[in-house]
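Residue-level structural notes
Take a look at the letters that make up each chain.
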Amino acid sequence: EGNPRRYLLPNTIWNIKTLRHLVTSEFGGGFIFPIDGLEGSPDLKHLDTLTLAIEAPPQNLQKILSKLPSIRKLTITSVGNHGGILVLNYLSRLESLKIRRFDRYEFEFPLNLKKLTLSDNCQPWSKISAIGKLPNLVVLKLYRDSFLGEKWEMEEGDFCNLRFLKLSELDIRWWTASSGNFSR
């Protein structure tokens, strides 16, 4: 896996009003936004796609994301774990989300989410029911240590619109589902 590159952005990033995409293809890498003077900085209203590496506690991540009202595709990698609640449900345009290395976190996802990829989040399988209730989710990819444990018991009605499910490098031995799951 190596040491992925993380790019520290200058404070002037907030002044680029036409910026639409800020992406790195490096797995686990990303851009680190400046936090200093964030409250007085303008929003990046046109930013559509972002690869973000976050070293700060979740409160700083929330502040950064509140400056990105039009974000549709977001990849977030945690550089240092702090635990807490990652509230994303106010991102009304977010359709595609990738989250990596946020173990000991709770998540509040936006209802309009269509694609979700998780890796190295070390959640218990009991937490997946919140994802299963997302009404527009059609793609779910669960990679290494996204959820821990050998048993996944699905609740009735979970993942009713899911079309694509990828499971990779998980410890599942028993998976229980009913006719109400994946009902589309």
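Overview of the structure. If you're wondering where the values come from, they're calculated on a predicted model, not measured in any experiment.

The secondary structure content of the protein amounts to 2 helices and 15 strands. Taking 2.2 N^0.38 as the reference for a compact globule, 184 residues should give roughly 16 Å; the C-alpha atoms of the protein span a radius of gyration of 17 Å, in line with that estimate. Seen through its C-alpha atoms, the protein measures out along the principal axes to roughly 50 × 35 × 25 Å. Within the protein, buried positions represent 46% of all 184 residues. Sequence separation of 24 or more characterises 46% of the internal contacts of the protein that already satisfy a separation of 6 or more. Counting only carbon and sulfur atoms, one obtains 50% of the accessible surface of the protein, whose full area is about 9500 Å². Considering the protein, the positive charge centre built from 25 side chains and the negative charge centre built from 20 side chains are found 8 Å apart.

Before going further, it helps to spend a moment on unusual backbone geometry. Phi at D145 is positive, roughly 55°, even though this residue is not glycine. Structurally, D145 can be placed in the loop between strand 11 (139-142) and strand 12 (147-148). Residue class for D145 comes out partly exposed when judged on its relative accessible area of 25%.

A few words now on the packing of aromatic side chains. By the definition in use, this model includes 8 aromatic pairs. Consider the rings of Y7 and F31, whose centres lie 5.5 Å apart with planes at 35°: the pair is tilted. Pair noted here: Y7 is in strand 1 (residues 6-8) and F31 is in strand 3 (residues 30-32), with a separation of 24 residues, a long-range link. Here F107 and F109 contribute two aromatic rings whose centre-to-centre distance is 5.5 Å and whose plane-to-plane angle is 20°, an arrangement assigned as stacked. A relative accessible area of 10% means that F109 is categorised as buried.

The next thing to look at is the pairing of strand 5 (residues 73-78). Both strand 4 (residues 49-54) and strand 5 contribute to a ladder of 6 bridges, which runs parallel. Across the sheet, residue T49 finds its bridge partner in strand 5, namely K73. In the sheet, strand 5 pairs with strand 7 (residues 96-100) via 5 bridges, with the strands oriented parallel. Looking across to strand 7, one finds that T77 is bridged to R100.

Take R6: it is sitting in strand 1. Expressed as a C-alpha distance, the spacing of R6 and F31, which sit 25 residues apart in the sequence, is 5.6 Å.

Let us now look at the environment of L148. Turning to its location among the elements, L148 is positioned in strand 12. Overall, L148 belongs to the partly exposed group, its relative accessible area being 35%. Counting along the chain gives 26 residues from L148 to C122, while the straight-line C-alpha distance between them is 5.6 Å. Setting aside chain neighbours within four positions, we find L148 in contact with C122, Q123, P124 and W125.

Reading guide: rules and limits
Residues numbered from 1 in each chain as written. Predicted model: local features only at pLDDT ≥ 70, side-chain atom pairs only at ≥ 80, totals over all residues. Heavy atoms only, no water. Helix = DSSP H or I, 4+ residues; strand = E, 2+ residues; numbered from the N terminus. Rg over C-alpha atoms; globule rule 2.2 N^0.38 Å. Buried < 20%, exposed > 50% of the residue type's maximum accessible area, 1.4 Å probe, protein only. Contact = heavy atoms within 4.5 Å. Areas by Shrake-Rupley, 256 points an atom, 1.4 Å probe, with all protein chains shown as cover. Lys, Arg positive; Asp, Glu negative; His and termini not counted. Charge placed at Lys NZ, Arg CZ, Asp CG, Glu CD. Phe/Tyr/Trp six-rings, centres within 6.5 Å; stacked < 30°, edge-to-face > 60°. Pairing = 2+ DSSP bridges.

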